[in-house]
Amino acid sequence: MADQVHFELVSPERLMFSANVGEVIIPGTEGDFGVLAGHSNLISTVRPGVINILDDGARVTDRIFVEGGFAEVNATSCTVLAERAQKVDEIDRAKAEQALADAREDVTDAKNDIERAIAVAAMEIAEARIHALAVSVY
């Protein structure tokens, strides 16, 4: 359809989503960006956050949390290659809160810059996952 864009979300485990949609809002490293049909060519890194998928009526139909990755956009399609992805409604709050507590402890216990950088990255992902649960729609 001329007013839709084909969106695919691929994680290492599987193709998570593939359909024509009205719009996709992606958490880019430099800020969120929306993709509509006719979008200019673009390649972007994706930060931990929620991809919101909208229908033609601008209603959010799907929310998928990604830990990061890459997005490739052209006039007719958008593909996101995610490091890890999970539907927001499948996130277990207790596990997410425990992962955040563990990551914060790892930051405190880090013995060198490399351990600290790894722990900080895990903490940022855990914080983004908790935030995804707190925000109902874009």
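Preceding this paragraph is the structure being described.
Being a predicted model, the structure only gives us computed values, none of them experimental.

Reading guide: rules and limits
Residues numbered from 1 in each chain as written. Predicted model: local features only at pLDDT ≥ 70, side-chain atom pairs only at ≥ 80, totals over all residues. Heavy atoms only, no water. Helix = DSSP H or I, 4+ residues; strand = E, 2+ residues; numbered from the N terminus. Rg over C-alpha atoms; globule rule 2.2 N^0.38 Å. Buried < 20%, exposed > 50% of the residue type's maximum accessible area, 1.4 Å probe, protein only. Contact = heavy atoms within 4.5 Å. Areas by Shrake-Rupley, 256 points an atom, 1.4 Å probe, with all protein chains shown as cover. Lys, Arg positive; Asp, Glu negative; His and termini not counted. Charge placed at Lys NZ, Arg CZ, Asp CG, Glu CD. Phe/Tyr/Trp six-rings, centres within 6.5 Å; stacked < 30°, edge-to-face > 60°. Core = buried A, V, L, I, M, F, W, Y, C linked by side-chain atoms within 4.5 Å. Salt bridge = Lys/Arg side-chain N within 4 Å of Asp/Glu carboxyl O. Patch = residues over 30% accessible without salt bridge, like charges linked within 9 Å, V, L, I, M, F, W, Y side chains within 5 Å.

Here we look at the overall build of the chain
Then step 1. Counting its regular elements, the chain contains two helices and 10 strands.
Then step 2. The linear arrangement of helices and strands in the chain, starting from the amino end, is β-β-β-β-β-β-β-β-β-β-α-α.
Then step 3. The C-alpha radius of gyration of the chain comes to 16 Å, within 12% of the 14 Å expected for a compact globule of 138 residues.
Then step 4. With the C-alpha coordinates aligned to their principal axes, the bounding extent of the chain is approximately 55 × 25 × 25 Å.
Then step 5. When the 138 residues of the chain are sorted by exposure, 38% land in the buried category.
Then step 6. Put simply, of all contacts in the chain between residues at least 6 apart along the chain, 51% involve residues at least 24 apart.
Then step 7. If you sum the accessible surface of the chain, you get close to 7,900 Å²; carbon and sulfur atoms cover 51% of it.
Then step 8. In the chain, the 12 positive side-chain charges and the 24 negative ones have mean positions that sit 5 Å from each other.

Brief notes about the packing of aromatic side chains
Then step 1. In the structure shown here, the tally under the stated rule is one aromatic pair.
Then step 2. Between F7 and F17, the ring centres sit 5.7 Å apart and the planes meet at 45°, which makes this aromatic pair tilted. Highlighted residues: F7 in strand β1 (residues 5-10) and F17 in strand β2 (residues 15-21), separated in sequence by 10 residues. The same class applies to F7 and to F17, which are both buried.

Some remarks on the nonpolar core
Then step 1. In terms of nonpolar packing, the biggest core is built from 21 residues, with F7, L9, I26, I51 and V80 touching the most fellow members.
Then step 2. Excluding its chain neighbours within four sequence positions, the residues that come into contact with L9 are R14, L15, M16, F17, I51, I64, V66, V80, A82 and A85.
Then step 3. Within the second largest apolar cluster, 15 residues are counted, among which are V50, A96, A103 and V107.

Section: the side chain of S11
Then step 1. Relative to the assigned elements, S11 resides in the loop between β1 and β2.
Then step 2. Residues within four places of S11 in sequence aside, it is in contact with M16, A82 and A85.

Remarks on the pattern of salt bridges
Then step 1. Applying the stated criterion across every chain yields a total of six salt bridges.
Then step 2. Of the charged contacts in the structure, one is a salt bridge between E67 and R129, with a shortest N-O distance of 2.8 Å. Here R129 lies in helix α2 (residues 113-134) and E67 lies in the loop between β7 (60-66) and β8 (69-73), a separation of 62 residues in the sequence.
Then step 3. Residue class for E67 comes out buried when judged on its relative accessible area of 12%.
Then step 4. For R129, a relative accessible area of 15% translates into the label buried.
Then step 5. Between E127 and R104 there is a salt bridge whose closest N-O contact spans 3.8 Å. Here E127, found in helix α2, pairs with R104, found in helix α1 (residues 93-109); they are 23 residues apart in sequence, far enough to count as distant.
Then step 6. A relative accessible area of 33% means that E127 is categorised as partly exposed.

Section: a negative patch on the surface
Then step 1. Taken together, the side chains of D102, E105, D106, D109 and E115 make up a negatively charged region of the molecular surface.
Then step 2. Per-element tally for the negative patch: the top contributor is α1, with four residues.
Then step 3. Judged by its relative accessible area of 43%, D106 is partly exposed.

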